[in-house]
Amino acid sequence: MKYALFLGCTIPARSRQYELSARKVAQKLGVELADVEEFVCCGFPSKPLT
Amino acid sequence: MADIDLTKADASFRKELLAQPGGEKLSACFTCKTCTASCPVSAVNARFSPFRIIRMALFGLKKEVLESDFVWFCSSCYACQERCPQGVCITDFMTLLKNMAIKAGHAPAGIKAQRDLIRGQGRIYAIDEFDNKKRNKIDLPSLPTTCEVVKVLFPES
């Protein structure tokens, strides 16, 4: 199984523990994760304003 | 709020709104104020009132609505839209007004700053070499510090 991993901007910069645990769990479950360079912003910090 | 001068109203604003997603059912509003009564922002700040914004828009007060800062107080919680007995998509209407305000050049400084951040680096929380160093320390891969494709979404204005 290969899945694309969407990190957004907050997790890789501010909440790295989520990313770390997600990657470790995926590895244990045999899920291969693909990093997509263009997966950068979900707009969350601006969400309440848009 | 000061008295409203309807002689300066723009009658075409109403048609403009009704033709766009979020504004279609606007004329169904019968001013019951359920939206304002449901609004958590109105509860703490009387300057913000969804029903008044709808009324002002329907009267054609384009300049007052788009240039005011109170449109930006909406937290997009959808409480008003859920409860509107007339099925007016109030939260979607607020989004429409915000989009129109940005197009007219009236975005607040904070929004402009976030747009420039995303246009520049692709992210609001930018990743730099320092962040990548910290990521590598806990065995996370380095991430690119810029994103060219995002610029397509933000033509220079």
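Residues numbered from 1 in each chain as written. Chains lettered and ligands numbered in written order. Predicted model: local features only at pLDDT ≥ 70, side-chain atom pairs only at ≥ 80, totals over all residues.

**Notes on the overall build of chain B**
Basically, it comes down to this: The secondary structure listing takes helices from DSSP runs of H or I that are at least 4 residues long and strands from runs of E that are at least 2 residues long, numbered from the N terminus. For the radius of gyration, the atom set is restricted to C-alpha positions; the globular benchmark scales as 2.2 Å times the number of residues to the power 0.38. Neighbour density around each residue's C-beta defines its exposure: 20 or more other C-beta atoms within 10 Å make it buried, 12 or fewer make it exposed, and counts between make it partly exposed, where C-beta atoms are placed from the backbone.
A count of helical and extended segments in chain B gives 9 helices and 0 strands. Starting at the N terminus, the α and β elements of chain B follow one another as α-α-α-α-α-α-α-α-α. Computed over its C-alpha atoms, the radius of gyration of chain B comes to 20 Å, more than 25% above the 15 Å expected for a compact globule of 157 residues. In terms of principal-axis extent, the alpha carbons of chain B reach across some 60 × 30 × 30 Å. A total of 157 residues make up chain B; the buried ones form 27% of that total.

**Some remarks on the overall build of chain A**
Helix and strand counts for chain A come out as 2 helices and 2 strands. When the helices and strands of chain A are read in sequence order from the N terminus, they spell out β-α-α-β.

**As for the confidence of the model for chain B**
Condition: The predictor's confidence in any single residue is recorded as pLDDT, a number from 0 to 100.
For chain B, the mean per-residue pLDDT works out to 88, and 97% of the residues sit at or above 70. This prediction of the complex comes with two scores: 0.73 for pTM and 0.80 for ipTM.

**A word on the domain arrangement of chain B**
Formally: Note that domain bounds follow an automatic or database assignment of domains.
Here chain B is described as being made up of domain 1 (6-103) and domain 2 (109-153). Using C-alpha coordinates to define each centre, domain 1 of chain B is positioned 34 Å away from domain 2 of chain B.

**With respect to the nonpolar core**
Residue and element names in this part refer to chain B. For clarity, the cut-off: Any set of buried Ala, Val, Leu, Ile, Met, Phe, Trp, Tyr and Cys residues joined through C-beta atoms within 7 Å is what this text calls a nonpolar core. Here the contact rule is simple: place C-beta atoms from the backbone, and any two residues whose C-beta atoms are within 7 Å are in contact.
Judged by nonpolar contacts, the single largest core of 26 residues is most densely connected at Leu26, Ala57, Val71, Ile90 and Leu97. Of all the secondary structure elements, the ones that give two or more residues to this core are helix 1 (12-18), helix 4 (50-59), helix 6 (79-83) and helix 7 (90-103). Looking at which element gives the most residues to this core, the answer is helix 7, with 7 residues. If we ignore the near neighbours within four places in the chain, the residues touching Leu97 are Val65, Leu66 and Val71.

**Some details on the interface of chain B and chain A**
Test applied: Classes in brief: Ala, Val, Leu, Ile, Met, Phe, Trp, Tyr, Cys and Pro nonpolar; Asp, Glu, Lys and Arg charged; the others, Gly included, polar.
Across the boundary between the two partners, chain B contributes 23 residues, which contact 18 residues of chain A. Looking at which element gives the most residues to the side of chain B that touches chain A, the answer is helix 8 (residues 109-121) of chain B, with 3 residues. Looking at the side of chain B that touches chain A residue by residue, the class counts come to 14 nonpolar, 5 polar and 4 charged.

**Structural notes on the environment of Ser142 of chain B**
Residue and element names in this part refer to chain B. Among the secondary structure elements, Ser142 is positioned in the segment after helix 9 (129-137). A count of 14 C-beta atoms within 10 Å places Ser142 in the partly exposed class. Each C-alpha atom of the pair Ser142 and Gly60 lies 52 Å from the other, and the pair is 82 residues apart in sequence. Ignoring sequence-local partners within four residues, the contact set of Ser142 consists of Asn132, Arg135 and Asn136.

**A closer look at helix 7 of chain B**
All names here are of chain B. What counts is decided by this rule: Helix span, expected: 1.5 Å multiplied by one less than the number of residues in the helix.
The terminal C-alpha atoms of helix 7 lie 20 Å apart, and with 14 residues this matches the ideal 20 Å at 1.5 Å per residue to within 8%. Here helix 7 has its buried residues at Ile90, Thr91, Phe93, Met94, Leu96, Leu97, Lys98, Met100 and Ala101. On its buried face, helix 7 sits against helix 2 (34-38), helix 4, helix 5 (62-67) and helix 6. Gly105 occupies a position one or two residues after helix 7 and carries a positive phi of about 85°.

**With respect to helix 2 (residues 16-28) of chain A**
If you check helix 2 of chain A, its first and last C-alpha atoms are 18 Å apart, about what 13 residues at 1.5 Å a residue would give, namely 18 Å. Directly after helix 2 of chain A, the chain includes Gly30 of chain A, whose backbone phi takes a positive value near 80°.

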